[in-house]
Amino acid sequence: MLTSIQQWITRWSIFDREYTIKQKEMLLGYALILPSVLLVAASLVYPVAYNIYLSFTEVPLDPRESPEWVGLANYEALLNDPEFWEAVQNTLVFTFFSDVGATALGLGVALLFRKNFRGDGIMRGLVLLPYIAPLIAIAFTWRWLLQPTYGLVPHILQDVLGVYSGTNIRQTMGMVILFDTWRYFPFAFLLILARVRSIPTELYEAAKIDGAGRFAQFKDITLPELKFVLAAVFLLRWIWNFNVFTDVWLFVGNNVPILGTFVYVKGFNTIPPNQGFAAAVANLMVIGLFVMVIGYVRYFMDW
Amino acid sequence: MLENIITMATQAVNDLSHRLRRRSIEAPLWERLAFYLTLAVVGFVSVFPFYWMGVTSLVDETWLYQTTPQAIPALADLSLENYWTLFGSETVPFVQYFLNSLFIGTVSAALGLSFAIFGAYSFARLEYPGRWIFSRGVLVNYMFAGILLVIPIFQILVTLDLVNNRLGIIVTHFIFVIPLGLYLLGNYFRSVPREIEEAGLMDGYSRLEVIARITIPMSKPAIVATYMYAFLLSWNEYLYASVILRDQGLYTLPIGIEQLQYAFQNVWGDVMAASVVTTIPVLFIFLYLQRYLVEGLSFGNMD
Amino acid sequence: MAQLDTHTDDSEPNIDGSSGYRISLESVSKHFDDTVAVNDISLEVQPGELLVFLGPSGCGKTTTLRMIAGLETVTEGTISIGTEDVTQTLPQDRDVSMVFQSYALYPHKTVRGNLAFPLGKMDIDDETKEQKIEEVAEMLEITDLLEKNPNQLSGGQRQRVAVGRTIIREPRVFLLDEPLSNLDAKLRVQTRAQLHSLQRRLGTTTVYVTHDQEEALSIADRVVIMNEGEIKQVGTPEEVYTNPNDEFVATFLGDPAINLIDVSDGGLFDGEVPMEEIGIDVPTETARIGVRPEDAIIDGVSTSEKKFTDPVTFELDVIEPLGHTYEATLERAGRLFSIQSEDVTGEPGESVQVRFDTDQILAFDATGRRI
């Protein structure tokens, strides 16, 4: 059956049967990839374009009605909306600090695993748990741990250690950053570890003979070798953190608003939903992200 | 007799001190202690929430809602009542949620993989203009994931009448999964020895037949692993599921767990039990995928 | 012999009466981006013959083979099998089979599965398939390996399975890409003889690629010497050995390599040894002469009826016994000279007199061509 499909593919387009092998291979190549490309383009290119369109409209509740063009109204509204700016600020703070946190922690743990030790297989599995476990499960576990009345952590912090006296430690930016750092440091760990392990030990031995202490070794050998990986990890986490929704939403809902949750709330969770407005915010996010990524790549990766 | 004991004891102490002295050339004792201590802390921090999740799910309500939260329950406080509630409930069709997630996960992963296999093959073996861009650009797709496109995609699905049914979510998930499959399998197929496929051609089989009869059987481990990654993407997905699925009977696990909060009194035990149930399949899957993670989330050299 | 029905039977008679297919390459070139791997070669492979492509690594022989197979596209020129132009035919439709250097056995199938796979594309019933598998297995002595997996086999066994898979379909042409280079030396000689007699028996036109000149000369009906993408010479083993077209062919064939001595002012070694005087008769444009090690003797050793030149003085360096012959390395004016002979006399450091077989002296002009 497969031969006949292939024969059919090569035959239908040939009125002049003189296709070269190169052309036949090209045809097959396209035939195999085109369905995927079309689907993915449909789910990416078209929505991005459609999103731009929607941001200039007001989307009615009834899906059978078409959106009504309102020009820049949505953009004006959001630029004047203090909630929007709060979300922007929160997003930038969150993205930066959790990115730094996850990368730094991932680096630290990767350094611990640089050399083999007894039980490192199991340890590695444990360290990966925060990253691979379902988000819903760990988000709610953290919620429960931080529950003001019955949670273990506030109890320890307030009653045992006496360091915290707020009402709800969960709904703070600090906690959100901490959660994200915990969740994603294994990702940084994995990528950095692969690179760290490939640094030849001779470099360290030579440095030791030259009298370099551990910190100097780190600064002059490890860090330069890891430059690229660290930059890549930082970039990837930046992109994902900037766009984050589910992590924050499941953890604090709308209590620490970031751009992602802002879009969701405006588009699906308020009555009436304002999808045109939400689309405008999403649009700005895309543009902002693009600019940041290009800027980052230009500046940092052209070393 | 006493003499023997003394001789043996002195021997043992001598050996031990020799060994310790040798080790100190490798690394001072305090350094190794610090290392293991740090490792223990890292391990603890990674694992503790899971411990808490498990414990919370296995105790009865009264222990959970004490005025002073405790860290370790006594054996007497353990019970399976949360799980019984979950599986026996009439208001919350938890089993249905589980089955929904399972169904959607297996089907969307299978569909996504079928498209991805052929596309990945064309990346790996065939030549046509644009191939370079496609294969590199595949992962760029994920930069725009999630919240950025949820509004337009939602609108598109509404137009196609794909909301609030399983088909809609399956379609969304399987399209989402395709780029990942293309990337992972594209890498892997490149490492399949070219000559074995050429032998298949020389034996009279067309490319499509070679893919089906030679490449795919030889790539079984990679295909299974990719399938599992795809399954997990769907299993954990929250945003689109929450937006597309409205009827309670259609909920997947992430939505179901979120909704649990509102279903019961003193709900946390049940929520944690649900989280445990959601997490366990993931852990099993990762036991299998563990070896591939070492290569930094890609398929490097595998046997 | 069952042939795939899609090709016209334009086979031609072989020398021995069986039928085979001719392969024609006309002005075939292959370019990879900027490099020219094969440069305008034209060649006819006679029906039923075993043609060997011989040359150093990178000379284009494997690329040419793969073009005949269809695994590489042809940049220019045409390739025909029988009367059919196959230049743009996909490899699976050419009815040609190939033994790869790495054998390329299907790891997920048993040996039986590997042999059966090509049969899947033939229009025959299961019973005949089984029969063929048994036949081929017996022919190659792998019957007891049929149920094993390729990774359980030794190199030699895998090679035989690869050959089995190639012949079981009875295609128009066999192609072999350095099939012996992964075997150890002893096995190589043994297997080479087996391949030779197999090809004789089946009578299928065969193209064989190797870099080992001994291998090529021992099994080929004709040899094609290639270098840097071009054909240097085509001929029977004897022809190319005794009558090389140029210095490259002369030096490539023969182990130990041929001795080349520069000629100037009508004499060897800067004119010190005038050639006419010692009995060497070559055209005046000669820039170099070549003497194979087996065509020179040390004076004093028993001679045969061959005609030899007058003696030339060399200094003896080393004598290496090689089993049934000796290889003597001599030196003069900073250059080395080899002799291969059944008997040598002399002590290292001594001055010896060497004579050349006058009939076997090869003359080359300044560009390396033979005159």
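Predicted model only: the values in this text are computed from it and were never measured.

About the criteria used
- Residues numbered from 1 in each chain as written.
- Chains lettered and ligands numbered in written order.
- Predicted model: local features only at pLDDT ≥ 70, side-chain atom pairs only at ≥ 80, totals over all residues.
- Contact = placed C-beta atoms within 7 Å.
- Helix = DSSP H or I, 4+ residues; strand = E, 2+ residues; numbered from the N terminus.
- Nonpolar A, V, L, I, M, F, W, Y, C, P; charged D, E, K, R; others polar.
- Buried ≥ 20, exposed ≤ 12 C-beta atoms within 10 Å, placed from the backbone.
- Domains from an automatic or database assignment.
- Core = buried A, V, L, I, M, F, W, Y, C linked by C-beta atoms within 7 Å.
- Axes fitted to C-alpha atoms, helices over the stretch in contact; angles between N-to-C directions.
- Parallel < 35°, antiparallel > 145°, perpendicular 65-115°, else oblique.
- Left-handed = near helix turned anticlockwise from the far one by under 90°.
- Expected span 1.5 Å × (residues − 1).
- Pairing = 2+ DSSP bridges.

A.B. asks: I tried to follow the interface of chain A and chain B on my own but got confused; where do I start?
C.D. replies: The extent of an interface is frequently quoted as the accessible surface area lost upon association of the parts. Between chain A and chain B, the contact holds 67 residues from the first and 71 residues from the second. Here the side of chain A that touches chain B gets 19 residues from one element, more than from any other, and that element is helix α2 (residues 21–55) of chain A. Split by residue class, the side of chain A that touches chain B holds 51 nonpolar, 15 polar and 1 charged.

A.B. asks: Explanation requested: helix α1 (residues 61–69) of chain C in the structure shown.
C.D. replies: Helical periodicity: at 3.6 residues per turn, an α-helix aligns residues three or four positions apart in one direction. All names here are of chain C. α1 sits mainly inside the fold: 8 of its 9 residues count as buried. For α1, the set of buried residues is Lys61, Thr62, Thr63, Thr64, Leu65, Met67, Ile68 and Ala69. Once α1 finishes, glycine 70 follows within two positions and takes phi at roughly 100 degrees, a positive value.

A.B. asks: Whenever I open this one, the domain arrangement of chain A confuses me. Can you help?
C.D. replies: Each assigned domain of chain A is listed here: domain 1 (2–44) and domain 2 (77–301). Using only C-alpha atoms to locate each centre, domain 1 of chain A and domain 2 of chain A end up separated by 44 Å.

A.B. asks: What exactly am I supposed to notice about the nonpolar core here?
C.D. replies: One recurring pattern in soluble globular proteins is that nonpolar side chains are buried together. Grouped together as the largest cluster of nonpolar side chains are 239 residues, with contacts concentrated most on Ala188, Phe189, Ile192 and Val281 of chain A together with Val52, Leu175 and Val207 of chain C. It is helix α8 (residues 166–190) of chain B that contributes the most residues to this core, 14 residues altogether. In this structure isoleucine 192 of chain A touches Gly106, Leu107, Ala110, Leu226, Val229, Leu230 and Val233 of chain A, once residues within four positions along its chain are discounted.

A.B. asks: How should I be thinking about the domain arrangement of chain C in this particular structure?
C.D. replies: All names here are of chain C. Segmentation of chain C into domains returns domain 1 (12–95 + 171–251) and domain 2 (257–364). The C-alpha centroid of domain 2 is placed 35 Å from the C-alpha centroid of domain 1. Opposite the 5 residues of domain 1 that make contact, domain 2 presents 6 residues. For the side of domain 1 that touches domain 2, the per-class residue count stands at 2 nonpolar, 1 polar and 2 charged.

A.B. asks: Is there a simple way to think about the packing of helix α2 (residues 111–119) of chain C against helix α4 (residues 155–167) of chain C in this case?
C.D. replies: Two packed helices can be described by the angle between their axes and the distance between those axes. All names here are of chain C. Running from N to C, α2 and α4 point in directions that differ by 25 degrees, and their axes come no closer than 8 Å. Considering the angle they form, α2 stands roughly parallel to α4. Handedness of the α2/α4 crossing: right-handed. On the side of α2, the interface is formed by Val111, Asn114, Leu115 and Pro118, while α4 contributes Val161, Gly164 and Arg165. In terms of residue class, the contact of α2 with α4 is built from 4 nonpolar, 2 polar and 1 charged.

A.B. asks: Could you clarify how one ought to interpret helix α11 (residues 220–236) of chain B in this entry?
C.D. replies: Its 17 residues give α11 of chain B an end-to-end C-alpha distance of 24 Å, which sits within 8% of 24 Å, the value for a rise of 1.5 Å per residue. Turning to α11 of chain B, its buried residues number three or more, namely Ala222, Ile223, Ala225, Thr226, Met228, Ala230, Phe231, Leu232, Ser234, Trp235 and Asn236 of chain B.

A.B. asks: In this structure, what is going on with the interface of chain B and chain C? I would like to understand it.
C.D. replies: Opposite the 14 residues of chain B that make contact, chain C presents 16 residues. Where the side of chain B that touches chain C is concerned, the elements lending two or more residues are α9 (194–202) and α10 (207–218) of chain B. Here the element with the most residues in the side of chain B that touches chain C is α9 of chain B; it accounts for 6 residues. Considering only residue class, the side of chain B that touches chain C consists of 9 nonpolar, 2 polar and 3 charged.

A.B. asks: I tried to follow the environment of leucine 316 of chain C on my own but got confused; where do I start?
C.D. replies: Residues and elements named next belong to chain C. Structurally, leucine 316 can be placed in strand β18 (residues 312–321). Residue class for leucine 316 comes out buried when judged on the 21 C-beta atoms lying within 10 Å of it. Residues leucine 316 and alanine 220, 96 residues apart in the sequence, show an inter-C-alpha distance of 36 Å. Apart from residues lying up to four places away in sequence, leucine 316 is in contact with Ala328, Leu330, Gly346, Glu347, Pro348, Gly349, Glu350 and Val352.

A.B. asks: How do you make sense of the pairing of strand β5 (residues 50–54) of chain C when you look at a structure like this?
C.D. replies: Taken residue by residue, a regular strand's side chains alternate between the two faces of the sheet. Residues and elements named next belong to chain C. Buried residues dominate β5, accounting for 5 of its 5 residues. Burial of the side chains of β5 extends over both faces: Leu50, Val52 and Leu54 are buried on one face and Leu51 and Phe53 on the other. Pairing analysis gives 5 bridges linking β5 to strand β10 (residues 205–210), with the strands arranged parallel. The residue bridging leucine 50 from the neighbouring strand is threonine 206, located in β10. Bridging between β5 and strand β11 (residues 222–227) involves 4 bridges; their strand directions are parallel. Bridging across to β11, leucine 54 finds its partner in isoleucine 225.

A.B. asks: What am I meant to see in the packing of helix α6 (residues 135–145) of chain A against helix α2 (residues 29–57) of chain B here?
C.D. replies: For the pair α6 of chain A and α2 of chain B, interaxial distance at closest approach is 10 Å and the crossing angle is 80 degrees. Judged on the interaxial angle alone, α2 of chain B and α6 of chain A are roughly perpendicular. Here α6 of chain A contributes Ala137, Ile138, Thr141, Trp142, Trp144 and Leu145 of chain A to the contact with α2 of chain B, which in turn contributes Pro49, Trp52, Met53 and Thr56 of chain B. Here the residues of the contact of α6 of chain A with α2 of chain B are counted per class, giving 8 nonpolar, 2 polar and no charged.

A.B. asks: What's the story with the sheet that holds strand β7 (residues 84–85) of chain C in this structure? I'm lost.
C.D. replies: Across a sheet, paired strands are connected by hydrogen bonds in the backbone, their directions being either parallel or antiparallel. Read across the open sheet, the 4 strands follow the order β4-β3-β6-β7 (chain C); overall the sheet is antiparallel. Strand pairing shows two members of the sheet lacking a second neighbour, β4 (35–45) and β7 of chain C, which therefore form its edges.

A.B. asks: I would appreciate a short explanation of unusual backbone geometry in the present structure.
C.D. replies: That bond from isoleucine 271 of chain A to proline 272 of chain A is cis: its omega, 0 degrees, falls within 30 degrees of zero. Each neighbour pair has its own omega, and for aspartate 255 of chain C with proline 256 of chain C the value is 5 degrees, a cis peptide bond. Structurally, proline 256 of chain C is set in the loop between α8 (247–252) and β13 (259–264). Its identity as a non-glycine residue notwithstanding, serine 27 of chain C has a phi of 50 degrees, on the positive side. Considering the arrangement of structural elements, one finds serine 27 of chain C in strand β3 (residues 23–32). Judged by the 12 C-beta atoms lying within 10 Å of it, serine 27 of chain C is exposed. Although it is not a glycine, glutamate 178 of chain C sits at a positive phi angle of roughly 45 degrees. By secondary structure assignment, the location of glutamate 178 of chain C is in the loop between β9 (173–177) and α5 (185–202). Judged by C-beta crowding, with 20 C-beta atoms within 10 Å, glutamate 178 of chain C ranks as buried.

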